[in-house]
Amino acid sequence: MTDRAAIEAVDVHKSFGEVKALSGLTFRVERGSITALLGPNGAGKTTAIRLMLNLAAQDRGSLSVLGMDTRQHSLLIRRRVGYVPENRAFTPGFTVKRVLELFQGISETWDKELQNRLLSDFNLPPTRKVRELSRGMTGQLALILALSPRPDLLILDEPVSGLDPVMRREFMRNILAEVADRGQTVLLSSHNLSEVERTADTVVLMNHGKAILTGSMEHIKNTEKKVRVAPQGGLPPEVENHPAVISVRSEGRAFLLTVSGDTEDLLAQIHRHNPFAVEVLDLSLEDIFLARSEGDKQ
Amino acid sequence: MKQIKALARKEFLESRVKLLVSLGVMAAIAVSLPLLFDWVRDVFMEMDAPERWAETITTQMGDYRIYLWGNWWGKNHSQTMLVLAMIWGMGIIARERENGVLACLLSRPVTRGKLLAVKFAAGAISLSLTSLASTMILLATSWLSRGDGIPWFILRAWPQAALVIVAVFALTTLFSTLLRDRVMALLASLGTTVVVTALGFIAPLRHISPLYLMSAPRALMTGRQDLAALAGLVVVTAALYSTANHALKRMEL
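Source: prediction; values computed, not measured. The numbering scheme is per chain: residues are counted from 1 as the chain's sequence reads. Here every chain gets a letter starting at A, and every ligand a number starting at 1, in the order they are written. Given that this is a predicted model, residues contribute local features only at a pLDDT of at least 70 and side-chain atom pairs are listed and counted only at 80 or more, while totals for whole chains, interfaces and linings are drawn from all residues. Side-chain descriptors were evaluated using all non-hydrogen atoms of the structure, hydrogens and water having been removed beforehand.

Here we come to the overall build of chain A. The secondary structure content of chain A amounts to eleven helices and 14 strands. Expressed along its principal axes, the backbone C-alpha trace of chain A runs to roughly 70 × 40 × 35 Å. Only protein chains enter the calculation, and the probe is 1.4 Å; a residue is then buried if its accessible area is under 20% of its type maximum, exposed if over 50%, and partly exposed in between. Among the 298 residues that make up chain A, the fraction classed as buried is 54%. Contact criterion: two residues are considered in contact whenever any of their non-hydrogen atoms come within 4.5 Å of each other. Taking the intrachain contacts of chain A between residues at least 6 apart in sequence as the baseline, contacts between residues at least 24 apart amount to 70%. Per-residue and other accessible areas follow the Shrake-Rupley method at a 1.4 Å probe size, with only the shown protein chains counted as cover for residues. Accessible surface, chain A as shown: approximately 13100 Å² in total, 47% of it carbon and sulfur. Taken together, the 37 basic and 38 acidic charged side chains of chain A have centroids lying 6 Å from each other. A run of DSSP states H or I qualifies as a helix once it reaches four residues; a run of E qualifies as a strand once it reaches two. Both are numbered from the N-terminal end. Under the counting rule used here, the positive set is Lys and Arg, the negative set is Asp and Glu, and His together with the chain ends is not counted. Think of each charge as sitting on NZ of Lys, CZ of Arg, CG of Asp or CD of Glu.

Shown next as structure tokens:
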């Protein structure tokens, strides 16, 4: 384990009764990065986040946050982590001001100036009760609560779910504006791939409780491609079963292959069978996400 | 200390309506008991009661002091306060777990032990003060309505009654921690209390009955606190609280 890792998970397993939520999750988040934790529903993203905050305990494997073991140093970790949960639950009868006072009281560090600036930037009325806040406002309140203690690591679980596109963009812009200059690490769990693509510099894609793809956004987009092949006859087995092929979909007489890694050998194999046409296409993060989630093949 | 103050403030602010309603209900009972004595006595005395009840009625209704003690500590105060203790305890953990506030608080640098301690202390203090305040209202009403002095002796039972209330609150807290649903926690606590009370009707087991313990007969008769009963209640409360604390520490959110 190196000092540069903000989060390091090694072979983490977690079951809830018969349900395996995590089965050998291994990934690493570098300090200062904005890392997106992606995956379909039930992939284990929220469970992984809960383990990081010791809201649940892993069955086996090791998990460290900011260089500290999550089970042994939970309190120290929570002092340095800001968390925006998916379910932003605050006492409904409390006003915004009272919620802020409560969280200021239980946090050991609190930047009141930052809190007031964010309140003013978001135009959040301090006297309004939590139950009267819109979903967007509740998200903004959660963000103020997470950012005001000036955490080293910010964990955001589905931060823009339920927000309209304008609010989504504004919300992400606010997060970026706050963390950009301070070198804070951000772990962002989201379904909204277009926002993630704009925001994150690193991606961890999860499925069935483990990480099936990790790397920098740039590297992933350079190595994950689509190849459209129009072969003479069917798709040769050595092409279909090539290690670089993640998934295959037929499109009339042509085939659309999602490929990853070194594609040179694959393309050589394809050309050996004199296809009618071969086309290499770039993939968006959404394409990669869908292909990997469906294919789930390394 | 800063954390404890912030968490305690949250608890008292959240439960202020519950506290006012509880105080209102208990105050109404406390005021009515002395005022209704003459009327209730006349009704009972004029009743054509079976012979085996007649003596009990004469004993209880013939002496205002026994009427006050028996009805306050043995019935009205105790039954109502036990129900209030269950209502206060049912949501202490289960409600905050249901609505996600518990996970939100525990993702901050707060230990589970500290969180439960503040919640439990806030509830126990509120319930004990409700019991004490309503008893003081009973004394004041009695003094004002009857004009024969303040019946201070009534207060002798309060320490024991308050400890029973806190013990039942601890029991409900335990169920609120173990069960995901607050209604289930209430029913589990109610069921356990009813069973223990029913067992208390068997003479050798009467010392385990919450209603018997709350009526503190030894304190009435001797004028001294029943230290064995008080110590037993402290041990039971500590055991229930400690189990709830252990369960909360193991809870996965």
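What follows deals with the side chain of B:Ser78. Of note, B:Ser78 is situated in helix 5 (residues 64-90). Apart from residues lying up to four places away in sequence, B:Ser78 is in contact with B:Trp72, B:Trp73, B:Leu211 and B:Met214.

Here the focus is the domain arrangement of chain A. All names here are of chain A. The domain boundaries assigned to chain A delineate domain 1 (5-208) and domain 2 (220-295). Its C-alpha centre places domain 1 at a distance of 36 Å from the equivalent point of domain 2. Residue-level contacts link nine residues of domain 1 with nine residues of domain 2. Here domain 1 and domain 2 share an interface that buries about 780 Å² over both sides, 75% of which is from carbon and sulfur atoms. A quick way to say it: buried area is the sum, across both parts, of accessible area lost when two parts are put together, with a 1.4 Å probe. By the criterion of area lost to domain 2, the three top residues of domain 1 are Leu193, Glu197 and Leu205, representing 61% of everything that side buries. A carboxyl oxygen of Asp or Glu within 4 Å of a side-chain nitrogen of Lys or Arg is what we treat as a salt bridge. There are zero salt bridges connecting domain 1 and domain 2. N or O atoms closer than or at 3.5 Å make up a polar contact, with two conditions inside protein: a donor-capable atom paired with an acceptor-capable one, and, for residues adjacent in sequence, both atoms drawn from side chains. At the surface where domain 1 touches domain 2, the tally comes to one residue pair in polar contact (both at pLDDT 80 or more). Of all the elements in the fold, those that place two or more residues in the side of domain 1 that touches domain 2 are helix 7 (193-199) and strand 9 (202-207). Of the residues belonging to the side of domain 1 that touches domain 2, the class tally is six nonpolar, two polar and one charged. Note that the domain bounds reflect an automated or database-derived domain assignment. Put simply, Ala, Val, Leu, Ile, Met, Phe, Trp, Tyr, Cys and Pro go in the nonpolar bin, Asp, Glu, Lys and Arg in the charged bin, and everything else, Gly too, in the polar bin.

Residues and elements named next belong to chain A. With respect to burial, strand 7 (residues 153-157) is a largely interior element, five of its five residues being buried. Residues Leu153, Ile155 and Asp157 line one face of strand 7 and the alternating positions Leu154 and Leu156 line the opposite face, and both faces are buried. Think of it this way: DSSP has to see at least two bridges between two strands before they count as a pair. Sheet topology note: the strand 6 (residues 81-84)/strand 7 ladder contains four bridges and is parallel. Counted as the bridge partner of Val84 is Leu156 from strand 7. When strand 7 meets strand 8 (residues 185-189), the two strands line up parallel, connected through five bridges. Note that in strand 8 the partner of Leu153 across the bridge is Thr185.

Residues and elements named next belong to chain B. Only the stretch in contact is used when a helix axis is fitted, and all axes are lines through C-alpha atoms; the angle between N-to-C directions ranges over 0 to 180 degrees. Packing of helix 3 (residues 37-46) against helix 4 (residues 51-62) brings their axes to within 10 Å, and their N-to-C directions diverge by 165 degrees. Regarding the angle of helix 3 to helix 4, the classification is roughly antiparallel. Regarding helix 3 and helix 4, the two cross each other, and that crossing is left-handed. Here Phe37, Val40, Arg41, Phe44 and Met45 of helix 3 come into contact with helix 4, specifically with Ile57, Thr58, Met61 and Gly62. Residues of the contact of helix 3 with helix 4, tallied by class, amount to six nonpolar, two polar and one charged. Any angle that falls under 35 degrees is termed roughly parallel, while one over 145 is termed roughly antiparallel, one within 65 to 115 roughly perpendicular, and all others oblique. Helix crossings get a hand from a simple test, with the near helix turned counterclockwise from the far one by less than a right angle marking a left-handed crossing and a clockwise turn marking a right-handed one.

Here the focus is the environment of B:Pro109. Turning to its location among the elements, B:Pro109 is positioned in the loop between helix 7 (101-106) and helix 8 (112-146). Among the residues examined, B:Pro109 registers a relative accessible area of 6% and is labelled buried. Once the C-alpha coordinates of B:Pro109 and B:Leu127 are considered, the two residues, 18 residues apart in sequence, prove to be 29 Å apart. Setting aside chain neighbours within four positions, we find B:Pro109 in contact with A:Leu75, A:Arg78, A:Arg79, A:Ile106, A:Ser107, A:Glu108 and B:Gln3.

Now for the interface of chain B and chain A. One widely used convention gives an interface's size as the accessible area the parts lose upon coming together. Counting from both sides, the interface comprises 25 residues of chain B and, opposite them, 29 residues of chain A. Of all residues in chain B, B:Arg108, B:Pro109 and B:Glu252 bury the most surface against chain A, accounting for 28% of the area lost on that side. Viewed at the interface, chain A and chain B are joined by two salt bridges. For B:Arg9, the salt bridge identified is with A:Glu101, shortest N-O distance 3.1 Å. Linking chain B with chain A are 13 residue pairs in polar contact (both at pLDDT 80 or more). Elements supplying a minimum of two residues to the side of chain B that touches chain A: helix 1 (2-14) and helix 7 of chain B.

Let's shift gears to the packing of aromatic side chains. Between 30 and 60 degrees the pair is tilted, below 30 it is stacked and above 60 it is edge-to-face, where a pair is any two Phe, Tyr or Trp rings, Trp via its six-membered ring, whose centres lie within 6.5 Å. A full pass over the atoms with the stated rule returns eight aromatic pairs over all chains. Each ring, one from A:Phe90 and one from A:Phe103, has its centre 6.1 Å from the other, and the planes form 90 degrees; the classification is edge-to-face. Separated by 13 residues along the polypeptide, A:Phe90 in the loop between strand 6 and helix 3 (96-106) and A:Phe103 in helix 3 bring together distant segments of the chain. Each member of the pair A:Phe90 and A:Phe103 is classed as buried. The interplanar angle of 10 degrees and the centroid separation of 5.9 Å between the aromatic rings of B:Trp69 and B:Phe153 together place this pair among those described as stacked.

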